[in-house]
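# Summary of the model geometry
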Amino acid sequence: VLAHAADITGQIQCRQTACVKCVKGFPVSRFYSRDSSFSVDCSDPEALAHVSGNRSWQQSGDVKIILSGVSMGATTVLLASGLDLPKNVVCIVADCGYSSAEAIIKKVAKDRRYPVKLCTPFLHLGAFIFGRFNLKKGSAVEAVRKSKVPTLIIHGTDASLVPSYMGVELYGNCASKKEFFGVEKAGHGLSYVVEQENYTNTVREFINKNLNKNSIS
């Protein structure tokens, strides 16, 4: 299952291609992190419902499931890691995910030179009114602390939109078996473009070693 960011871009297509090539013959289910009104919800409750509530997954115990995503999609699958996932979810691959909805919105506000402390109450109010979600509930850090699924966290060191320290924070808080793959000089979501061979080999090795293991650590 490949979780996109808010929009499909060339760099995300590269990332998805790399994942699919890692395991030949795997069917791919793709969904967007965008609701029907085109309001981007940084905590992705609908996407999480898709990930955790698909009954066909639970009924297909022999089918191995890999959750993977880029940017907001990465955060979506990491948020899902804290849920009661089907036992046939064997691993998670998260590329350039952010630590929480609140943290990334504050970071972007700071980048745009908005007074963050003054803006914070309005950010929460705006999220509730226009996005219909609670910024406090979109913490991937809190979710990975409850995770039991092996997780590979990927992050480019030059990622400016979602800085690399967020990937390090996610890795440090992850309670399950975990690996971290940092890519030097890679921008946001561009790790595969910068290190195609290393990226593909790292993802392939991580997935293959978890395919024949029980996903619950």
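Description of the structure in this document. Owing to the predicted nature of the structure, the values given are computational and were not obtained by experimental measurement.

### Some details on the nonpolar core
If you look at the biggest cluster of nonpolar residues, it comprises 19 residues, and the most contacted ones within it are Leu67, Val77, Leu78, Leu85, Val89, Ile92 and Leu170. Elements supplying a minimum of two residues to this core: strand 3 (65–70), helix 4 (72–80), strand 4 (89–95) and helix 7 (140–144). Counting residues per element, this core draws most heavily on helix 4, at 4 residues.

### Some points on a nonpolar patch on the surface
Where nonpolar side chains cluster on the molecular surface, the patch consists of Leu125, Phe128, Ile129 and Phe130 and spans about 480 Å² of accessible area. In this structure, Leu125 sits in helix 6 (residues 116–131). Take Leu125: its relative accessible area is 46%, and that puts it in the partly exposed class.

### So, helix 4
Burial runs high along helix 4: 9 of the 9 residues are buried. Within helix 4, the full set of buried residues consists of Met72, Gly73, Ala74, Thr75, Thr76, Val77, Leu78, Leu79 and Ala80.

### Some words on the pairing of strand 4
Counting buried residues along strand 4, 7 of its 7 residues qualify, which places the element largely inside the surrounding structure. As defined by bridge partners, strand 3 adjoins strand 4 across 6 bridges and the pair is classed as parallel. Its bridge partner lying in strand 4, Val70 is registered against Asp95. The parallel pair strand 3 and strand 4 is bridged by helix 4, and the resulting crossover is right-handed. Sheet analysis places strand 4 next to strand 5 (residues 151–156), joined by 4 bridges and oriented parallel. Counted as the bridge partner of Asp95 is Ile154 from strand 5.

Quick notes on the rules
- Residues numbered from 1 in each chain as written.
- Predicted model: local features only at pLDDT ≥ 70, side-chain atom pairs only at ≥ 80, totals over all residues.
- Heavy atoms only, no water.
- Core = buried A, V, L, I, M, F, W, Y, C linked by side-chain atoms within 4.5 Å.
- Buried < 20%, exposed > 50% of the residue type's maximum accessible area, 1.4 Å probe, protein only.
- Helix = DSSP H or I, 4+ residues; strand = E, 2+ residues; numbered from the N terminus.
- Patch = residues over 30% accessible without salt bridge, like charges linked within 9 Å, V, L, I, M, F, W, Y side chains within 5 Å.
- Areas by Shrake-Rupley, 256 points an atom, 1.4 Å probe, with all protein chains shown as cover.
- Salt bridge = Lys/Arg side-chain N within 4 Å of Asp/Glu carboxyl O.
- Pairing = 2+ DSSP bridges.
- Right-handed = clockwise from strand over helix to strand, strands pointing away.

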